Amino acid sequence: GDMCSALEEQGVTRLMLRDWCNRMFQTQLSLRSVDMCARLGELADVVVLASTHFEKTSRRYRAWHSDVYNNFIDHVPSDATHHDAGSICYRAADPVSLPPVL
């Protein structure tokens, strides 16, 4: 499954794995740091933290009580693209929704 040892059974050594990670993601992982990872998910976490290829911005703290309206609006899904004529998602209004013409 997700075990790093499964790679060795397929002929991919820990050294080859470490060199590939260092080359692909411009990291400087030691063989020891690769050995400490029992699962590929753990190795992926180590690579993401060590590499500059991944954005690692911290999430903004949202104190729900400080600005209830804007914090709520941040979480409401928006379909603004459906109303923007320049967007690929633009949908014209359904003719059924228009009032009858007298």
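Residues numbered from 1 in each chain as written. Predicted model: local features only at pLDDT ≥ 70, side-chain atom pairs only at ≥ 80, totals over all residues. Heavy atoms only, no water.

Undergrad: Hey, could you go over the side chain of Asn 22 for me, with residue numbers and the actual values?
TA: Note that Asn 22 resides in helix H2 (residues 14-25). By relative accessible area, Asn 22 is classed as buried at 17%. Once you skip the residues sitting within four places of it in the chain, Asn 22 turns out to touch Thr 27, Gln 28 and Leu 29. (Helix = DSSP H or I, 4+ residues; strand = E, 2+ residues; numbered from the N terminus. Buried < 20%, exposed > 50% of the residue type's maximum accessible area, 1.4 Å probe, protein only. Contact = heavy atoms within 4.5 Å.)

Undergrad: Describe the packing of aromatic side chains, naming the residues involved and giving the relevant values.
TA: Tallying each qualifying case throughout the model produces two aromatic pairs. On the numbers, 5.7 Å between centres and 85° between planes, the contact of Trp 20 with Phe 25 is edge-to-face. For Trp 20, a relative accessible area of 38% corresponds to the partly exposed category. Here Phe 25 and Phe 54 contribute two aromatic rings whose centre-to-centre distance is 5.7 Å and whose plane-to-plane angle is 35°, an arrangement assigned as tilted. In this pair, Phe 25 is assigned in helix H2 and Phe 54 in the loop between helix H4 (40-50) and helix H5 (68-75), connecting sequence segments 29 residues apart. Assessed through its relative accessible area of 30%, Phe 54 is described here as partly exposed. Taken together, the ring pairs connect Trp 20, Phe 25 and Phe 54 into an aromatic cluster. (Phe/Tyr/Trp six-rings, centres within 6.5 Å; stacked < 30°, edge-to-face > 60°.)

Undergrad: Pulling in residues and values, what's your account of the environment of Asp 2?
TA: With respect to the helices, strands and loops of the structure, Asp 2 is situated in the segment before helix H1 (5-9). Owing to a relative accessible area of 34%, Asp 2 belongs among the partly exposed residues under this scheme. For the pair Asp 2 and Arg 39, spaced 37 residues apart in sequence, the C-alpha separation works out to 5.6 Å. Those residues in contact with Asp 2 that lie beyond four places of it in its chain are Ala 38, Arg 39, Leu 40 and Gly 41.

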